Amino acid sequence: MPIFESMDNYGHEKVAYHQDPRTGLKAIIAVHSTKLGNALGGTRRWYYDNELEALHDVMRLSEGMTYKAAAADLAMGGAKSVVMLPKHGHEHTEDEARSMGQFVDTFNGEYIAAEDVGTSPEFIDWMAQETDHVMGGDTVSTGGDPSPFTSQGCFNAMKASLAHVGDAVDFSGLKVTIQGVGSTGYYLAMLLKEAGATVHATDINQENLRRAVEQAGVIALDSDADIFKAECDIFAPCAMGAILDADTIRNLRCRIVCGTANNVLADPVEDGALIKGQDVLYAPDFVANAGGLIRLAGLYLGMTEDDVDAKVAEIETTTADILELGKTHQSNHEAAVAFARARIDAGGMTTA
Ligand code: NAD
C-alpha cells in the first residue's frame with residue numbers, strides 16, 4: 001500500500017525513512033499521534049522479507065502505542081521505530097546503534113526511543129551517545145529493563161479480571177499457564193508463585209524454561225503439549241503476538257486470558273468478538289502490559305519512583321473500568337480502544 005494511503009488508514013502524523021550507507025542502517029520511525037504529548041515507543045531490530053512488511057509492522061505497532069499511552073493516562077503520544085536487518089540474527093554494533101540514535105535525534109524529542117525486540121540496554125546506551133531522547137539504558141540513558149514493571153502491571157490486570165468474573169482476588173489455589181518465560185513471563189511467574197498460584201509454562205528456549213523451573217518454581221509443560229488446550233484459570237501469553245485466532249480460541253480451556261504480549265489477537269475485531277462469545281474473559285493486551293511504558297515514559301516525564309508505582313497499580317482499576325465497558329461493546333479490545341480514543345479526543349489525561 002502506498003505510504004500516504006497507509007498513513008490515512010492508520011491516522012499517522014509522520015513517517016520517516018532513513019539510511020546510512022556508512023553503517024548499513026535502514027530504519028523507519030512512525031509517529032502515530034502526538035495529541036497527548038511527545039511519543040515514546042521501542043526500536044525493533046528485525047529481518048523483514050520486504051520493505052512493505054517493515055512499514056506495516058511499524059504502522060501497526062505505533063498506533064498501538066498511542067492507545068497504550070492514552071489508556072495508561074500518560075501525557076504521551078504513540079510512536080515506534082524499526083531497523084530493517086540485512087539478514088536473520090544480524091549482530092548489532094555500536095556504529096549501527098549510534099547511527100540510529102542520530103536518526104532519533106532529528107525528531108528533537110517528538111519521538112523518544114526505547115528497547116524492543118532485538119535491542120538491549122547496551123544498544124540503548126549506544127543510541128544515547130547521540131541523543132537525549134531515548135530511555136531504558138543502564139549507563140548513559142536511564143530507566144533500565146522495564147520488564148518487571150510490565151509483569152507487575154499484568155499481575156494487577158489479572159486481579160481486575162478475577163474480580164470481573166466474580167471470583168475472590170486471591171491467587172492461592174489458582175492455576176496459571178504462561179506461554180514464554182523470557183523477561184516478562186519470568187517476573188510474572190515469580191509474582192504469581194509468591195501469591196500462591198500454581199504456574200505451568202512453555203518456552204521454546206530451554207534455558208529460559210529451566211531458569212523458570214529452578215528459580216520461580218514453575219512446572220514445565222511437555223514440549224509437545226498444546227498450550228491452548230491446557231486447563232487453567234488464567235492463560236498468560238508472554239511471548240509473541242497474533243497467537244489467538246479462530247482455531248486457538250475455540251480450543252481454550254481457561255476462564256481468563258491476561259498476559260504481557262503485544263497484539264495477542266490475530267484479528268482484533270473478529271477474534272475479539274469470538275473470544276467474548278466463547279465466554280473467556282480477555283484482558284486487552286495494551287492495557288495489561290502498559291507497566292513498562294509507564295515506567296520509562298513516567299521517568300522521562302519527571303515522575304518519581306513512587307508516582308510510577310502508583311500508576312502501575314492503577315492498571316487494576318483501568319482494567320476493571322474497561323472490562324465493565326466491554327459489556328456494551330463487541331469485545332473488550334474494542335472497549336479498550338474506545339476508552340483510549342475518548343481520552344485522546346478529550347485531549348488530555350485525568351492525572352499527572
Ligand atoms: P523475551 O524475549 O524476554 O521473552 C519471550 C520468551 O518467549 C522467550 O523466552 C522466547 O523463547 C519465548 N517464546 C517465543 N516464542 C514462543 C512460543 N511459540 N512458545 C513458547 N515460548 C515462546 O520478551 P519479553 O520482553 O518478555 O516480551 C514478551 C512479550 O511481551 C512480547 O510480545 C513483547 O512485545 C511484550 N511486551 C514486553 C514488554 C517489556 O517490558 N519487556 C512490555 C510490553 C509488551
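Residues numbered from 1 in each chain as written. Predicted model: local features only at pLDDT ≥ 70, side-chain atom pairs only at ≥ 80, totals over all residues. Heavy atoms only, no water.

### Notes on the overall build of the protein
Along the backbone of the protein there are 14 helices and eleven strands. With the C-alpha coordinates of the protein rotated into their principal frame, the extents come out at 55 × 45 × 40 Å. Expressed as a percentage of its 352 residues, the buried residues of the protein come to 55%. Contacts in the protein between residues at least 24 apart in sequence constitute 66% of all its contacts with a sequence separation of at least 6. Per element, the accessible surface of the protein, about 14800 Å² overall, is 49% carbon and sulfur. Taking the average place of the 26 positive charges on the side chains of the protein and the average place of its 52 negative ones, the gap between the two points comes to 2 Å. (Helix = DSSP H or I, 4+ residues; strand = E, 2+ residues; numbered from the N terminus. Buried < 20%, exposed > 50% of the residue type's maximum accessible area, 1.4 Å probe, protein only. Contact = heavy atoms within 4.5 Å. Areas by Shrake-Rupley, 256 points an atom, 1.4 Å probe, with all protein chains shown as cover. Lys, Arg positive; Asp, Glu negative; His and termini not counted. Charge placed at Lys NZ, Arg CZ, Asp CG, Glu CD.)

### Re the pattern of salt bridges
Applying the stated criterion to the full structure yields 17 salt bridges. In this structure, the salt-bridge partner of Glu94 is Arg98, at a minimum N-O distance of 3.2 Å. Residue Glu94 and its partner Arg98 are located together in helix α3 (residues 94-105), separated by four residues, close to a single helical turn. Relative accessible area serves as the criterion here: at 26%, Arg98 is assigned to the partly exposed category. A salt bridge links Asp167 to Arg255; the shortest N-O distance between them is 2.6 Å. In this pair, Asp167 sits in the loop between α5 (147-164) and β6 (175-179) while Arg255 sits in the loop between α8 (246-251) and β10 (256-257), placing the two residues 88 residues apart along the sequence. Assessed through its relative accessible area of 31%, Arg255 is described here as partly exposed. In this structure, a network of salt bridges that share partners links the residues Arg44, Asp57, Arg60, Lys80 and Asp116. (Salt bridge = Lys/Arg side-chain N within 4 Å of Asp/Glu carboxyl O.)

### Points about the site of the ligand
Around the ligand sit 21 residues, and of these Thr150, Thr184, Asp203, Asn208 and Ala239 come closest. Between the ligand and Asn208 there is a distance of 2.7 Å, counted from an oxygen atom to a side-chain nitrogen or oxygen. Here the ligand loses 74% of its free accessible area of 830 Å² to cover by the protein chains. Listing elements by their share of the shell around the ligand, those giving two or more residues are α5 and α6 (183-194). Across the shell around the ligand, the residue classes tally to six nonpolar, 13 polar and two charged. (Near = heavy atom within 4 Å. Polar contact = N/O pair within 3.5 Å; in protein donor to acceptor, adjacent residues only side chain to side chain. Nonpolar A, V, L, I, M, F, W, Y, C, P; charged D, E, K, R; others polar.)

### Notes on the pairing of strand β5 (residues 111-115)
Of all five residues that make up β5, four are buried, and the element is covered over most of its length. As paired elements, strand β3 (residues 39-46) and β5 share five bridges and run parallel to each other. Looking at β5, one finds that Gly42 is bridged to Ala114. (Pairing = 2+ DSSP bridges.)

### Thoughts on the sheet that holds strand β7 (residues 198-202)
Taken in spatial order, the six strands make up an open sheet running β8-β7-β6-β9-β10-β11, and their pairing is parallel. The sheet is open, and its two borders are formed by β8 (219-220) and β11 (281-282), each paired with just one other strand. Two elements, β6 and strand β9 (residues 234-237), share four bridges in a ladder whose sense is parallel. Bridging from a neighbouring strand, Ile178 pairs with Ala236 of β9. Along the sheet, α6 contacts β6, β7 and β9; its crossing angle with β6, the most-contacted strand, is approximately 170°. (Axes fitted to C-alpha atoms, helices over the stretch in contact; angles between N-to-C directions.)

### Let's talk about the packing of aromatic side chains
Taken as a whole and assessed by the stated rule, the structure comprises six aromatic pairs. Arranged with centres 5.6 Å apart and planes meeting at 65°, the rings of Tyr186 and Tyr187 form a pair that is edge-to-face. Exposure remark for Tyr186: the relative accessible area of 7% places this residue in the buried category. Linked through ring pairs, Phe103, Phe107 and Tyr111 together constitute an aromatic cluster. Across the ring face of Tyr186, the terminal group of Arg211 is positioned such that the distance to the ring centre comes to 3.8 Å. (Phe/Tyr/Trp six-rings, centres within 6.5 Å; stacked < 30°, edge-to-face > 60°. Lys NZ or Arg CZ within 6 Å of the ring centre and 35° of its normal.)

### Here's the deal with empty space enclosed by the protein
Within the structure shown, the criterion is met by one cavity of 30 Å³ or more. There is about 70 Å³ of room inside the largest cavity. Lining the largest cavity are 13 residues; nearest its centre among them are Ala71, Ala72, Ala290, Ile315 and Thr318. Elements represented by at least two residues in the lining of the largest cavity include exactly α2 (51-71), α10 (285-288) and α13 (315-326). Taken together, the residues of the lining of the largest cavity break down into seven nonpolar, one polar and five charged. (1 Å grid on protein atoms, 1.4 Å probe; cavity = no way out; pocket = protein on both sides within 12 Å on 5 of 7 lines; lining within 4 Å. Points joined across faces, edges and corners; volume = space filled by probe spheres on them.)

### Here we look at the layout of surface pockets
One number sums up the size of the second largest pocket: a volume of about 540 Å³. Taken together, 22 residues form the lining of the second largest pocket, with Glu63, Asn263, Pro268, His333 and Val337 sitting closest to its centre. Contributing elements (two or more residues each) for the lining of the second largest pocket: α2, α9 (268-277), α10 and α14 (332-346). The greatest single-element share of the lining of the second largest pocket, amounting to seven residues, is contributed by α2. Across the lining of the second largest pocket, the residue classes break down as nine nonpolar, six polar and seven charged.

### Side note on the nonpolar core
Among the nonpolar cores identified, the biggest contains 50 residues, and Leu40, Met158, Phe171, Ile178, Leu188, Leu192 and Cys258 are the most heavily contacted of them. Residue contributions to this core peak at six residues, all from α5. Residues contacting Leu40, with those up to four places away along its chain left out, are Met65, Met76, Gly77, Ala79, Ile112, Ala114, Met135, Leu293, Leu296 and Ala297. Core analysis: the second largest hydrophobic core is formed by 22 residues, Val31, Ala39, Phe123 and Trp126 among them. (Core = buried A, V, L, I, M, F, W, Y, C linked by side-chain atoms within 4.5 Å.)

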